[in-house]
Amino acid sequence: MDGNGRWAERRSLPRTAGHNAAEATVIDIIEAARSAGVGWLSLYAFSTENWNRPGAEVDHLMRLVRRVVRKHAPLLLARGIRCRFLGVADPRIPRDLARDFEDLTTLTGDNRGMTLTVAFDHGGRRDIVEAARSLIRSGTPADEVTERLFAEHLPWPDTPDVDLVIRTSGEQRISNFMLWKVAYAEWVFPELLWPDFRAPDFLACLHTYRDRDRRFGGLPHQTNGDAR
Ligand code: IPE
Ligand code: MG
C-alpha cells in the first residue's frame, strides 16, 4: 500500500493526511477482493524498516491502525472474513494495539469467507531467520530439511504461496515482503497512489494477472509435452 505520503504532499497536506486517506482504499479493496472471490488477501501496512520513520509519523500510524481495526471489526465479521496479523513482534508496538490484533484474530477465527492478512511490523527476512531458529530448536537433522519442512516453520504456515503482488505508486521493489512466499508471484505496479486506488483498479490488476502465462520455470502452455 504505497504512495500515501506523495498523495498528501501533492495536496500540500501533512503525510499523516495521506495515511488517513488510505483507510477508504483499504475497505474498498477488501470488499472488492471478497466480491471477486479472492481467497487470500494480504495488506502490507507497516514494515520492520518503517520504524526508521520520524516518531510522530510512526505514532500516528499506530493510532490510525488501531482506530481502523476497531471501527471495521463488525464489517469484517459480517463479511465472513478471517483476519490475521503477520509480524507484530516489536516491543515498541503499543500493548493495546497488539491486544486488538489478537482480539480480531480470535473473533474472526472461524470465518471462511476470505483470509485477510495484515502484515504489520513485517519483514520477510526476519520470518526466514525465525523459521531457521525454530527448525534448529526442533532438532531436525540438516539432511532432513526440505523446502516443505522449512515452510512449515514460517508464521501462518497454511498461507499459500503468493500468486499476485500489487504495489501501488509506481515503485518497483519487493521491500522485504513475504520473501519466501513470493518466489513465483506475478507482479503489477500500478502508477496510482494508494489513496487513489479503487475497486476498478484492483479488478484491472486481477485481469492483468489472469492474462499472464505462469510457467513456474516450465514451458509455455501451448508447447507443453511437445518440446522441440
Ligand atoms: C505507504 O505510504 C504507507 C506506509 C508505508 C505505512 P508511504 O508513506 O510509503 O507513501 P510515500 O511512499 O511516502 O508516498
Ligand atoms: Mg513509500
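Before reading on, note that the structure itself is shown above.
Residues numbered from 1 in each chain as written. Chains lettered and ligands numbered in written order. Predicted model: local features only at pLDDT ≥ 70, side-chain atom pairs only at ≥ 80, totals over all residues. Heavy atoms only, no water.

1. Looking at the overall build of the protein chain
No. 1: If you tally the helices and strands in the protein chain, you get seven helices and five strands.
No. 2: Along the protein chain, helices (α) and strands (β) appear in the sequence α-α-β-α-β-α-β-α-α-β-β-α when read from the amino end.
No. 3: At 19 Å, the protein chain has a C-alpha radius of gyration in line with the 17 Å of a compact globule built from 228 residues.
No. 4: Expressed along its principal axes, the backbone C-alpha trace of the protein chain runs to roughly 60 × 45 × 35 Å.
No. 5: For the protein chain, the proportion of its 228 residues judged to be buried stands at 42%.
No. 6: Residue pairs in contact within the protein chain that sit at least 24 positions apart in sequence constitute 72% of those at least 6 positions apart.
No. 7: Only carbon and sulfur atoms are counted for the fraction: they give 51% of the accessible area of the protein chain, which is about 12,700 Å².
No. 8: Measuring between centres, the 32 positive side-chain charges of the protein chain sit 3 Å from its 32 negative side-chain charges. (Helix = DSSP H or I, 4+ residues; strand = E, 2+ residues; numbered from the N terminus. Rg over C-alpha atoms; globule rule 2.2 N^0.38 Å. Buried < 20%, exposed > 50% of the residue type's maximum accessible area, 1.4 Å probe, protein only. Contact = heavy atoms within 4.5 Å. Areas by Shrake-Rupley, 256 points an atom, 1.4 Å probe, with all protein chains shown as cover. Lys, Arg positive; Asp, Glu negative; His and termini not counted. Charge placed at Lys NZ, Arg CZ, Asp CG, Glu CD.)

2. Section: the sheet that holds strand β1 (residues 40-47)
No. 1: Taking strand neighbours across the sheet as the criterion, the three strands line up as β1-β3-β2 in an open arrangement whose pairing is parallel. Bordering the open sheet on either side are β1 and β2 (81-87), each of which pairs with just one other strand. For this sheet, the mean inter-axis angle between neighbouring strands, taken without regard to orientation, is 20°.
No. 2: Strand direction decides the pairing type here: β2 and strand β3 (residues 114-122), joined by seven bridges, are parallel. Bridge assignment links Arg84 to a residue of β3, and that residue is Thr117.
No. 3: Of the strands in this sheet, β2 and β3 are in contact with helix α4 (residues 95-107), which crosses β2 at around 140°.
No. 4: Its contacts with the sheet place helix α5 (residues 124-137) against β2 and β3, and it is angled at close to 95° to β3. (Pairing = 2+ DSSP bridges. Axes fitted to C-alpha atoms, helices over the stretch in contact; angles between N-to-C directions.)

3. Comments concerning empty space enclosed by the protein
Empty space among the atoms becomes visible once a probe the size of a water molecule is rolled across them.
No. 1: As enumerated under the stated definition, the model contains one cavity of 30 Å³ or more in all.
No. 2: Estimates place the volume of the largest cavity at around 120 Å³.
No. 3: Lining the largest cavity we find 14 residues, and of these Leu86, Asp127, Pro155, Met178 and Lys181 sit closest to its centre.
No. 4: Counting only elements with at least two residues in the lining of the largest cavity, the list comes to β3 and α5.
No. 5: At three residues, the largest contribution of residues to the lining of the largest cavity is made by α5.
No. 6: Partitioned by chemical class, the residues of the lining of the largest cavity number eight nonpolar, four polar and two charged. (1 Å grid on protein atoms, 1.4 Å probe; cavity = no way out; pocket = protein on both sides within 12 Å on 5 of 7 lines; lining within 4 Å. Points joined across faces, edges and corners; volume = space filled by probe spheres on them. Nonpolar A, V, L, I, M, F, W, Y, C, P; charged D, E, K, R; others polar.)

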